[in-house]
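Now for the letters of each chain:
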Protein chains: 2
Amino acid sequence: MARSARSDLKVLAFDVFGTVVDWRGGVAAEMTAVAKDLRLTVDAPAFADRWRSKYLPYLNRIRNGEMPWQVLDAVHRASLGELINELSLQSLTEADLDRLVFAWHHLPPWPDAVEGMARMRARYVLTALSNGGMAHLVDVNRAARLPFDCVLSVELIRTYKPDPRVYRLVPDLLAVPPEQSMMVASHAYDLAAAAGQGMRTAFVRRPQEWGTGKPETLDISVDIVAEDFLDLASQLGDLR
Amino acid sequence: MARSARSDLKVLAFDVFGTVVDWRGGVAAEMTAVAKDLRLTVDAPAFADRWRSKYLPYLNRIRNGEMPWQVLDAVHRASLGELINELSLQSLTEADLDRLVFAWHHLPPWPDAVEGMARMRARYVLTALSNGGMAHLVDVNRAARLPFDCVLSVELIRTYKPDPRVYRLVPDLLAVPPEQSMMVASHAYDLAAAAGQGMRTAFVRRPQEWGTGKPETLDISVDIVAEDFLDLASQLGDLR
């Protein structure tokens, strides 16, 4: 990041699922509990991975106008229905399905997330900028005690990342030029779209997002690469 | 409030200026400081009162479509220009005017506000629902350390209270039926409009809002009347 640009950074916009909270761990834990109650044998982490993999195609169809707008909860519910059929888990009740969809509302934060955010919040405005709905993100933030100043959801404009309008919520609603804001994410596609709207970019490695021990490949140029939020806080602090 | 309705309350939506923070004290303090720098004699509390009095007519004109949409900062700037002329305070510089407009971004909370909100937040989702713009409200919340879960501004729909669409932001974005939400305000007009959209209502007395020692007259029926936020927290706790 160019030195001249450092001192005027004002807003950090965080991707949430995968970047701040561990969707795989949270969903697998809930599936393990459901399976135990039903005396089923399920590979819960693999179940979480398969469910998450159904996410982007849905969002693409909504973004492209092939499907009507729906919040992420509805996408999760529809894709869970598909998955249950594929895995022959029809013994799950409607209440079980509700419980699994709601698992996405109380996901565990990565161990460094809350402390790192608290450090960054002393200097910067922290906003969520996520594909989750507003109520969904409020639940996630409360459950994980995430110290956000503000919640910005794609629900405000009824599309999904990486639609450019998502990233323009930051300058439009938080009254900063895009270059005084930074997108923080563990996904290159999200950062590339943010950079396309003039935001700065921080890639945070989350090697356990898919349980592989390997972070996503970073095939684009970013302003900061961080090992976790404590490292990001230090790098942003050092830049002042 | 009917006993049957008590246990399912989920969201508390707070008016901010006057209800949570003391605009008169904060604006008067800034005007006192500006006047001292310029060696002017100004009745700073009366200045704050006159400025605030210019607020509703502007908002009415914007709501009625007689003026184009503008955020509250712009309303404050325009009405301050009028006031400066009326009071023959043309010696104030543009920087002084900016400083006064920005005083509305770092207003002191009422003494009970933060503790009362922290108590209520343990049980309810707390959102701002205010005429301030998004960035403005984020500044207010950070300066006063207000423990909101979420910020909902009229800027999201580009109108002002008491337009019914303002109150519908709560069920629409926070995924609760209106009757599971409660508007908290020290102004009857705000509560009347919220009730009109099915929200419950809590009137909080703020006898020093205008420095008179007398809270606003409550000429409507509300679910709760509270002396301050600690009293409100106790009344909401007792209801569970």
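Here the structure is a predicted model, which means the values were calculated and not measured. (Residues numbered from 1 in each chain as written. Chains lettered and ligands numbered in written order. Predicted model: local features only at pLDDT ≥ 70, side-chain atom pairs only at ≥ 80, totals over all residues. Heavy atoms only, no water.)

> Even after reading the chapter, I still don't get the relation of the copies chain B and chain A, so can you show me in this structure?
In screw terms, the move from chain B to chain A is a rotation of 180 degrees and a rise of 0.0 Å along the axis, fitting with an RMSD of 0.0 Å. Such a turn and shift between the copies fits a two-fold axis. When C-alpha positions in chain B are compared against the rotation axis, the closest is assigned to B:Cys150, at 2.9 Å. Comparing interface residues between copies, 100% of those in chain B also sit at the interface in chain A, which points to an isologous, same-surface contact. (Least-squares fit on C-alpha atoms with pLDDT ≥ 70 in both. Contact = heavy atoms within 4.5 Å.)

> Explain the interface of chain B and chain A to me, please; I cannot follow it from the model alone.
A common measure of how large an interface is: the accessible area buried when the components associate. Chain B puts 20 residues into the contact, and the matching count from chain A is 20 residues. Overall, the association of chain B and chain A removes approximately 1,500 Å² of surface from exposure, summing both partners, and the carbon and sulfur fraction of that is 62%. At the surface where chain B touches chain A, the tally comes to 2 salt bridges. Here A:Asp149 makes a salt bridge to B:Arg142, at a shortest N to O gap of 2.7 Å. (Buried area = accessible area lost by both parts, 1.4 Å probe. Salt bridge = Lys/Arg side-chain N within 4 Å of Asp/Glu carboxyl O.)

> For this particular structure, what's the right way to read the sheet that holds strand β4 (residues 181–185) of chain A?
Paired through backbone hydrogen bonds, the strands of a sheet run either parallel or antiparallel to each other. Residues and elements named next belong to chain A. Reading across from one edge, β3-β2-β1-β4-β5-β6 is the order of the 6 strands in this open sheet, with parallel pairing throughout. In this open sheet, the two edge strands, each paired with only one partner strand, are β3 (150–153) and β6 (224–226). The sheet shows a mean angle of 25 degrees between the axes of neighbouring strands, taken without regard to direction. Examined bridge by bridge, strand β2 (residues 125–130) and β3 share 4 bridges and lie parallel to one another. (Pairing = 2+ DSSP bridges. Helix = DSSP H or I, 4+ residues; strand = E, 2+ residues; numbered from the N terminus. Axes fitted to C-alpha atoms, helices over the stretch in contact; angles between N-to-C directions.)

> Could you clarify how one ought to interpret the domain arrangement of chain A in this entry?
Residues and elements named next belong to chain A. Domain assignment breaks chain A into domain 1 (3–22 + 107–238) and domain 2 (23–103). Facing the 23 residues of domain 1 at the interface are 22 residues of domain 2. With both chains or domains summed, domain 1 and domain 2 bury close to 1,800 Å², and 63% of this area falls on carbon and sulfur atoms. Of all residues in domain 1, the largest losses of buried area upon contact with domain 2 belong to Leu107, Tyr160 and Trp210, amounting jointly to 37% of the total for that side. If you look at where domain 1 meets domain 2, you find 0 salt bridges. Counting the contacts that link domain 1 with domain 2 gives 10 residue pairs in polar contact (both at pLDDT 80 or more). Split into classes, the residues belonging to the side of domain 1 that touches domain 2 amount to 9 nonpolar, 7 polar and 7 charged. (Domains from an automatic or database assignment. Polar contact = N/O pair within 3.5 Å; in protein donor to acceptor, adjacent residues only side chain to side chain. Nonpolar A, V, L, I, M, F, W, Y, C, P; charged D, E, K, R; others polar.)

> I keep staring at the packing of helix α3 (residues 44–53) of chain A against helix α5 (residues 72–86) of chain A and nothing clicks. Help me out?
Two quantities define a packed helix pair, namely the angle between the helix axes and the distance between the axes. Residue and element names in this part refer to chain A. Viewed as axis vectors pointing N to C, α3 and α5 meet at an angle of 125 degrees, and their least axial separation amounts to 9 Å. Judged on the interaxial angle alone, α5 and α3 are oblique. For the pair α3 and α5, the crossing hand works out as right-handed. Together, Phe47, Arg50 and Trp51 of α3 and His76, Ser79, Leu80, Leu83, Ile84 and Glu86 of α5 make up the contact between the two elements. Partitioned by chemical class, the residues of the contact of α3 with α5 number 5 nonpolar, 2 polar and 2 charged. (Parallel < 35°, antiparallel > 145°, perpendicular 65-115°, else oblique. Left-handed = near helix turned anticlockwise from the far one by under 90°.)

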